[in-house]
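Geometric and topological summary
Next come the chains, spelled out residue by residue.
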Amino acid sequence: MMELARQVPGFAGFHYEPGGSEDRMVVAMRRKNRDGFPSARSAVTGLMTASLGHTAGYPAFVQREVRYSFLELALERALLRGRIFALPGVVSLAVDEEANRIAIGVTDESAELEVMEVADALGVPHGMLAFEVGVSYAEPAAELRGFSPDSSLQAGYHIMTYHPDDHIKCTAGPSAVKGRGHPTTWFPPIQYFLINSHCSGIGFKRDTMTVSQPNLRDPVGKEVADPEVLHDKCGKIFKYYCRYSDAAVVKVDTLLTDRNVALGKIARTNGVRERQVTLPSRIGVDPENPTIEIVSVWGSAVKHEMLDKVGFRTGWTRGEVLETCDDEKFRYGGVHPDIQDHDSDSATVNILCSVKLDYINRTGDSGAPVFRYYSSTGRAQLRGIHFGHYGAIRAWMSPFVQLDKDLGSDRGMGSDWHALWFYDPGNPRSTWISGPRRVHPDAKPCTWRADADGGMTPFNYTWSGLFLGRSKTTTGKVEESGYLAVTFKDAIGREFVDSLEVSIDGSGSLCGGRPPPPPPVDTGIDTVLTPQ
């Protein structure tokens, strides 16, 4: 959203507006920038095409004129955050695109008055603010007593960790894989899966805790990343702490288990529930169609769209996105002593820019995959992981854009995070070799380049035939006609071969210079990576 706000002057956000048989996409523009609506509509359409998987039947776009741009609201919100979250009566803070206001949740009217005083001191206009009075603190959704009857490990099933005082029961989050390829050798890929930080042994601290499923006699891996809370983003002086997300990473340990993690699969229960608070006595997996396939990942959400969750306590539930970037205070137990509140074994941690939804949830759903389900294909686009709740139908998830900030930096898994695949895109749609097919007898050394469209990157390359090599390109002087071949090996060791016939010809290329550029690739939406 911030990127769109920087690209399009006056852009104020967008959201779905349910309209019975047809939804509408409302694009808001600041009044004095109303002429920028075509640019904003184009930008939103591009985002939906690339990320939401729409291939046809776009909702109708309507323009709405508002007072403040998204950038204005976001900047004032950032200015307020450091001061008003120091107030004990302030619970949440969000940019509400639909209301075109900074939405603030407070426990009572006295807290509202305190916020207004801070706003006056900072010069934030009262007209930017909207209050919800009577809001209570949200809670991380952990520590379920009981076990799931299912034992296979894929996203949606239960996992547990050992805590000094208890066993913490949560839900296995999305699984991932990282290749360990090397030009001269090959190792089996490494498997991971996500959990919530508060589901690990010590919250917000890397503790290498063992994670088991379905009980402590069946360990599957150990925590390898769980960044500590931030001081610089929230202001240590105010005695509270922040994280971008509530997430940790577990590495599947082959010394502990021979169990595999089902890459890109979510458990499919017997039906999906929308806004039904009463749960069945037992939640089972559909024996005829036991999994939902993940085919893409997107890092955010759109207000009023419907997202799905599969947790081992409530199964498959669906709800509406209420806020797309909500700062929320959570009171956590089981965190390391450095951040515990005074005279308490718990801590108040602010989770930044989470997505707020209204799907059904219960204690024990923590870590559950949250996704956009496409009924036409039965496939899913992964969006994040569920981590907290207030009551039965108010919930929060950490979207991937926030997971990236915690786990894709030196504080988390570093560059390893960006090499993880959370779904299998399958074989490359095409492979090819760029370079001359005909070479002059007196040509200088020529260069050929291997490329692929799709597939699980990064690739390793092995050239054979006329020239050898183990990089993306190979170079040599052609002495005789023949074939040039390259073997692609993807991130999990699958191999694909392409070849090119090269002949010596008096009218051929004299070569030399830079490697040939790859031909243009059709990166449109009609691919196997995008829900159809």
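Heads up: the structure comes first, above all this text.
Below, the structure is looked at part by part. Model, not experiment: these values are computed from the prediction.

Counting residues in hydrophobic clusters, the biggest one holds 43 residues, and the most contacted among them are Phe-11, Val-27, Ile-84, Ile-104 and Leu-129. Of all the secondary structure elements, the ones that give two or more residues to this core are α1 (2-7), β1 (11-17), β2 (24-30), α2 (37-52), α3 (70-84), β4 (90-96), β5 (101-106) and α4 (109-122). Ignoring any residue separated from it by four or fewer positions in sequence, one finds Ile-84 in contact with Val-90, Leu-93, Ile-104, Val-115 and Val-118. Formed by 31 residues, the second largest nonpolar core is a distinct cluster that contains Leu-382, Phe-400, Leu-403 and Met-413.

Backbone torsion omega between Thr-457 and Pro-458 reads 0°, so that peptide bond is classified as cis. Mapped onto the secondary structure, Pro-458 falls in the loop between β27 (446-453) and β28 (460-465). Although it is not a glycine, Phe-204 adopts a positive phi angle of roughly 65°. Looking at the secondary structure, you find Phe-204 in the loop between β11 (186-195) and β12 (210-212). Although it is not a glycine, His-304 sits at a positive phi angle of roughly 80°. Note on placement: His-304 falls in the loop between β18 (291-297) and β19 (306-311).

Before going further, it helps to spend a moment on α3. An ideal rise of 1.5 Å per residue puts 21 Å on 15 residues; α3 measures up with 20 Å between its terminal C-alpha atoms. For α3, the complete set of buried residues consists of Phe-70, Leu-73, Ala-74, Arg-77, Leu-80, Arg-81 and Ile-84.

Another aspect to go through is the state of the cysteines. What makes a disulfide is a covalent bond joining the sulfur atoms belonging to two cysteines. One pass over the full model with this rule turns up three disulfides. The disulfide partner of Cys-325 is Cys-353, and the S-S distance across this bridge is 1.8 Å. An S-S torsion of about -125° defines the bridge between Cys-325 and Cys-353 as left-handed. Placement of Cys-325 in strand β20 (residues 315-333) and of Cys-353 in strand β21 (residues 346-357) is noted, with a sequence separation of 28 residues between them. Judged by its relative accessible area of 12%, Cys-325 is buried. With relative accessibility at 17%, the residue Cys-353 sits in the buried group. Each sulfur in the disulfide pair Cys-446 and Cys-511 lies 1.8 Å from the other. Taking the torsion about the S-S bond as the criterion, the Cys-446 to Cys-511 disulfide, at about 95°, is right-handed.

What follows is about the sheet that holds β27. Pairing is antiparallel in the open sheet, where three strands are placed in the order β25-β27-β29. Single-partner strands in this sheet number two, and they are β25 (430-434) and β29 (473-476). Between one strand and the next, the sheet's axes are offset by a mean angle of 15°, whatever the strand orientation. Relative to β27, β25 runs antiparallel, the two sharing five bridges. Across the sheet, residue Ser-430 finds its bridge partner in β27, namely Asp-453.

This part is about the environment of Pro-458. The exposed category is assigned to Pro-458, whose relative accessible area is 55%. Considering only alpha carbons, one finds Pro-458 and Ile-492, 34 residues apart in sequence, at a separation of 9.4 Å. Not counting the four nearest positions on each side in its chain, Pro-458 is found in contact with Lys-489, Asp-490 and Ala-491.

Let us look at the environment of Phe-70. For Phe-70, the position within the fold is in helix α3. Owing to a relative accessible area of 6%, Phe-70 belongs among the buried residues under this scheme. Setting aside its immediate chain neighbours within four residues, Phe-70 contacts Met-1, Met-2, Ala-5, Phe-11, Ala-12, Gly-13, Val-95 and Glu-97.

Turning our attention to the sheet that holds β1. Spatially, the three strands line up as an open sheet ordered β1-β2-β3, and their pairing is mixed. Two strands close off the open sheet at either side, each with one partner strand: β1 and β3 (60-66). Averaged over all adjacent pairs, the angle separating strand axes in this sheet is 25°, with direction ignored. Bridge analysis of β1 against β2 gives five bridges, and the strand direction is antiparallel. Of the residues in β2, the one forming a bridge with His-15 is Val-26.

About the criteria used
Note on numbering: residues in each chain are counted from 1, in written sequence order. Note on the predicted model: pLDDT of at least 70 is required for a residue's local features to be given, and 80 or more for side-chain atom pairs to be given and counted; whole-chain, interface and lining totals, by contrast, use all residues. The basis for the side-chain values is all heavy atoms of the structure; hydrogens and waters are excluded. For our purposes a nonpolar core is just a set of buried Ala, Val, Leu, Ile, Met, Phe, Trp, Tyr and Cys residues, chained together by side-chain atoms within 4.5 Å. Throughout this description, buried means an accessible area under 20% of the type-specific maximum (1.4 Å probe, protein chains only), exposed means over 50%, and partly exposed covers the range between. Going along the chain from the N terminus, every DSSP run of H or I of four or more residues is numbered as a helix, and every run of E of two or more is numbered as a strand. Here a residue-residue contact requires only that any non-hydrogen atoms of the pair lie within 4.5 Å. Helix span, as expected, comes to 1.5 Å for every residue beyond the first. The rule for a disulfide is simple: a pair of cysteine sulfur atoms within 2.5 Å. Two strands pair under a simple rule: DSSP has to find at least two bridges between them. Between the N-to-C directions of two axes lies an angle of 0 to 180 degrees, each axis being a line fitted to C-alpha atoms and, for a helix, fitted only over the stretch in contact.

The quantities given are spatial measurements derived from coordinates; they are silent on function.
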